[in-house]
Amino acid sequence: MAERIEQRLEDRVPELEQLERVGLFTRKEIRAVLRKASALEYKIQRRALRKEDFLTYIQYEVNLLELIKKRRARIGYSFKKDEIEKSIVRRVHSLFKRATGKWKEDVQLWLSHVAFCKQWNSKHQLSKVFSCMLAIHPNKPALWIMAAKWEMEARLSSESARHLFLRALRFHPECSKLYQEYFRMELMHAEKQRKEKKEFEQAKMDLGEFNYSEEILNGEMARIIYRGATQKIKGVEFHLALLSIAKLFDFTQDLQREILESLQATYADDPLTWDYMARRELELESPQSAERTTKQVKVAEMTQREERCCAVFEEAVTAVPTEDMWKCYITFCLERYNRKTNSEELKQKRLERTLSAFNKAHESSLLPEGQYKQWLQLLLESGLHEKATEVAEAATQRFRQSVEMWQMRLQVLIQLKTDDVTHCFEEALKHMKSKGTLPLWTLWVEWSEGTNSKEDTEALYQRSLCATAPAESVTMKERYLEWAYRNGGYKKVKRVFTSLHENRPFSLDFFRKMIQIEKEQESCKMLNLREYYERALREFGSTNSDLWLDYIKEELNHPQGKPENCGSIHWRAMKMLQGDLVESFISKYTLLQTGHL
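Definitions and cut-offs
All residue numbers here refer to positions counted from 1 along the written sequence of the relevant chain. Given that the model is predicted, a residue must reach a pLDDT of at least 70 before its local features are reported, and side-chain atom pairs must reach 80 or more before they are shown or counted; all residues, however, enter totals for whole chains, interfaces and linings. Values shown for side chains rest on all heavy atoms present in the structure; no hydrogens or waters enter the calculation. Secondary structure elements are defined from DSSP: runs of H or I of at least 4 residues count as helices, runs of E of at least 2 residues count as strands, and each element is numbered from the N terminus. Atoms counted for the radius of gyration: C-alpha only. Globule rule: 2.2 Å times the number of residues to the power 0.38. For the exposure calls, accessible area comes from a 1.4 Å probe over protein chains only, and a residue counts as buried if that area is under 20% of its type's maximum, exposed if over 50%, partly exposed in between. Whether two residues touch is decided by their heavy atoms; if any such pair falls within 4.5 Å, the residues are in contact. Areas reported here follow the Shrake-Rupley algorithm with a probe of radius 1.4 Å; residue values treat only the protein chains shown as occluding. Charge assignment in this entry is limited to Lys and Arg as positive and Asp and Glu as negative, and neither His nor the chain termini are counted. Charge positions are represented by NZ for Lys, CZ for Arg, CG for Asp and CD for Glu. Residues grouped as a nonpolar core are buried Ala, Val, Leu, Ile, Met, Phe, Trp, Tyr and Cys residues, joined through side-chain atoms within 4.5 Å. Under the rule applied, a polar contact is a pair of N or O atoms within 3.5 Å (in protein, one hydrogen donor and one hydrogen acceptor; residues adjacent in sequence only if both atoms are side-chain atoms).

Participant: Help me understand the overall build of the protein chain in this model?
Facilitator: Along the protein chain, the regular secondary structure elements total 29 helices and zero strands. Taking 597 residues into account, the globule formula puts the C-alpha radius of gyration at 25 Å, and the protein chain, at 37 Å, lies well above it. Judged by the C-alpha coordinates and their principal axes, the protein chain covers about 95 × 80 × 45 Å. Across the 597 residues of the protein chain, 45% fall into the buried class. The long-range fraction of contacts in the protein chain, counting pairs at least 24 apart against all pairs at least 6 apart in sequence, stands at 60%. In the form shown here, the protein chain has an accessible surface area of approximately 32,800 Å², with 50% of it arising from carbon and sulfur atoms. Side chains of the protein chain carry 98 positive and 90 negative charges; the gap between the two charge centres is 6 Å.

Put into C-alpha cells, the structure is as follows:
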C-alpha cells in the first residue's frame, strides 16, 4: 500500500513543479499540498473504504482547481494548462471512477461526476460516464433524458440522442415524459436543419451534397413518435403536453391540427378537452387587431375573445354536464376576473360573467363543494350581502354533513352581524355528529366571547365539553382555561381547573398552562405547582422526560421547593419512562446536576 501511495504522490510532482516554476504556488504551499494529498491517499487505500473519504478527496482537488484558476486570473498567466489542470482533472476522474465502481447504486455520486465533466468540458469522459451510469440505472427515465439532451445540445448529435431515447423506451415503454422529450428532440432537430438549409440557400450554395429530407424538415419523425406514443399512453393530459411542445415550433401547423382533431375525436367527453378548446379562443386574434391600438378597441377585442371562450364553455356544460366541467368553466371565469385591468367596464363584465357561471352551476346542482367558498368571497367583496346569505344557506342545504359548509355560512352571518347566528349554530349541530364539530364549537365560543355575557359564554364552554368527541374536547378544555384566566383571574381559573382535572382526556398543554399561570402569581405556591406536576405526570409521565426535569428544576429553584425531593422524583422517572426516553432523561439530568442545563 505504501508503495502505491508513494507512486501516486510521485505522479503529482511534475504538475507541482510547474505550479512553482510559473509562480502560481510557493514552495511552502507545494509542501502543504503534498502533505494533504498524502493524508487523503492513505484514507482511500485502506481496506475498509468509506465514501466520505473519496468525496473529501474529490472536493479538495476541485478546490485546488478553483484556486489555480483564481491565481491565473490574478497574475494573467494562461499557459501550461495541459501539464497542470488536465493532470488534476484526470485524477478527479480516476477518483470518481473508483467511487462509482464501489458504490454503484448512489445516483447522486454519478450525477456529481456528470456535473464535474460538464464543468471541465470533458466530453469524451462524460460520454463514458453516461454509458456506465445507464447500464447500472436503466430504471430511471430522468437519467436517459439527461444523457440524450446532452448528446443533442452539447455534442450536437441528434443520431446519438435518438438512439438513447429508443433504448430508454425499450426499458420504459409507457413513460410519458420520455415520449415528450423524444418528441421535442425530433422537432428541435427538424428546426435546426431548416435553419441550416435556409442559411445555405441564402448563401446560394449547392445543397446536393447535404441531402436534406423534406419529411424530416416538416417534422414527420415527430409525427411518427406522436402516433406511436398515443397508442401506448392514453389521456387528455398527454395529448395536451405534446400539443404544447408542438406549438413552440412555427412549422408544425399540420401536426398541431392532427393532434387537435385526435383530441376532439377521442376525448370529446373529457372536461380538459373542452377547457383547452375554450381557452384557445383567447389566442385567436381578429384579422385587424394588429392595426388597432386604441385603448377602447383593445378592451372591445378582449371582451369579444372572452365571450367566445364562454360560448365554448356554455356548449361544454351542456354536452358534458358534470361537476368537473363546471369547475373548469368557473376557474376560467375567476382567472379572468382576477386579471388586472384599467377598464371598469371590462372588470364589471367579468364579474357578471363569473357570478352567472356560479349561479348556473348551483341551479344545476353541479357546483362542487369547494367552489361555494369562492362564490361567497366574490359576493362579499362585491357588497352583495343578501345574495351571500342566500348562497350560504343553499350550500348547507345541499351539503348538510359538511362542517366546512356550516362553518362558511356561520362566518358569513357573523361578518354581516345578523341576528340568526345562534339559531344557525344550533341548526348546524343538529345535522352534525359530535366527531368533527370542533371548528364549529371554536367559532361559536369565539363569537360568544365578543358578543354574549360571561355567563352565556361559560355555559357554552361547558356544553362543548360534553358535545365534542373526547379527542376534540381536549382543545376546548385548553381554551376554557385560557378564557377563565382572561375574564376571571386566578381564582376563576383555579375553580375551572379543579372542575376539569378528573375529566379525561387531557393534553400536556392543559397542565403546562396551569403551571405557567401559577408561576405568574406574586404568591406562587410550590404546593400548587406540585399538584399540577403530579397530575400531569400521572397522564404523561411515561412518555415525556422533560416534564420530570421541569419538576426537578422547580424543586431546586422555587423558594418553597424541597431539593431533598429530587432524588425521589428521579427514582420515579426511571421507573415510569419508556424505552430510549430513559437514556435521554439520564443525560439531561447529568447536565442539570453539573449546571449546564
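Participant: I'm lost on the side chain of Thr-437 in this one. Help?
Facilitator: Turning to its location among the elements, Thr-437 is positioned in the loop between α21 (421-431) and α22 (438-451). In this structure Thr-437 comes out as buried when scored by relative accessible area, which is 1%. Not counting residues within four places of it along the chain, the set of residues in contact with Thr-437 comprises Leu-429, Met-432, Thr-468 and Glu-472.

Participant: What is the right way to look at the nonpolar core in this model?
Facilitator: Across soluble globular proteins, you tend to see nonpolar side chains buried next to one another. Grouped together as the largest cluster of nonpolar side chains are 90 residues, with contacts concentrated most on Phe-183 and Tyr-372. It is helix α16 (residues 323-338) that provides the largest number of residues to this core, a total of nine residues. Setting aside residues up to four positions removed in sequence, Tyr-372 forms contacts with His-362, Leu-367, Val-391, Ala-395, Arg-398, Phe-399, Met-405 and Met-408. Counting residues in each nonpolar core, the second largest holds 57 residues, with Val-403, Leu-429, Phe-506 and Phe-585 among its members.

Participant: In this structure, what is going on with unusual backbone geometry? I would like to understand it.
Facilitator: Note on backbone geometry: most residues besides glycine have negative phi, and most peptide bonds are trans. Omega for the bond connecting Arg-504 with Pro-505 falls within 30 degrees of zero, at 0°, which places this linkage in the cis form. The topology assignment puts Pro-505 in the loop between α24 (470-500) and α25 (508-520). The phi dihedral of Asn-121 is positive, around 55°, even though this residue is not glycine. When you line up the elements, Asn-121 lands in the loop between α5 (107-119) and α6 (123-136). In the Ramachandran plot, Leu-156 falls in the positive-phi region, its phi being about 55° despite a non-glycine side chain. Note on placement: Leu-156 falls in the loop between α7 (141-153) and α8 (158-171). For Leu-156, a relative accessible area of 57% translates into the label exposed.

Participant: Teacher, can you tell me more about the environment of Glu-306 here?
Facilitator: Relative to the helices and strands, Glu-306 is located in helix α15 (residues 295-319). In sequence terms Glu-306 and Ala-73 are 233 residues apart; their C-alpha atoms lie 58 Å from each other. Other than its neighbours up to four places away in sequence, Glu-306 contacts Leu-282, Arg-336, Leu-346, Arg-350 and Arg-353.

Participant: Teacher, can you tell me more about the environment of Arg-50 here?
Facilitator: If you trace the backbone, Arg-50 turns up in the loop between α2 (27-44) and α3 (51-75). Here the side chain of Arg-50 touches Asp-53 through a polar contact of 3.1 Å, side chain to side chain.

Participant: So what exactly am I meant to see when it comes to the environment of Leu-240 here?
Facilitator: With respect to the helices, strands and loops of the structure, Leu-240 is situated in helix α12 (residues 236-246). For the pair Leu-240 and Tyr-276, spaced 36 residues apart in the sequence, the C-alpha separation amounts to 8.2 Å.

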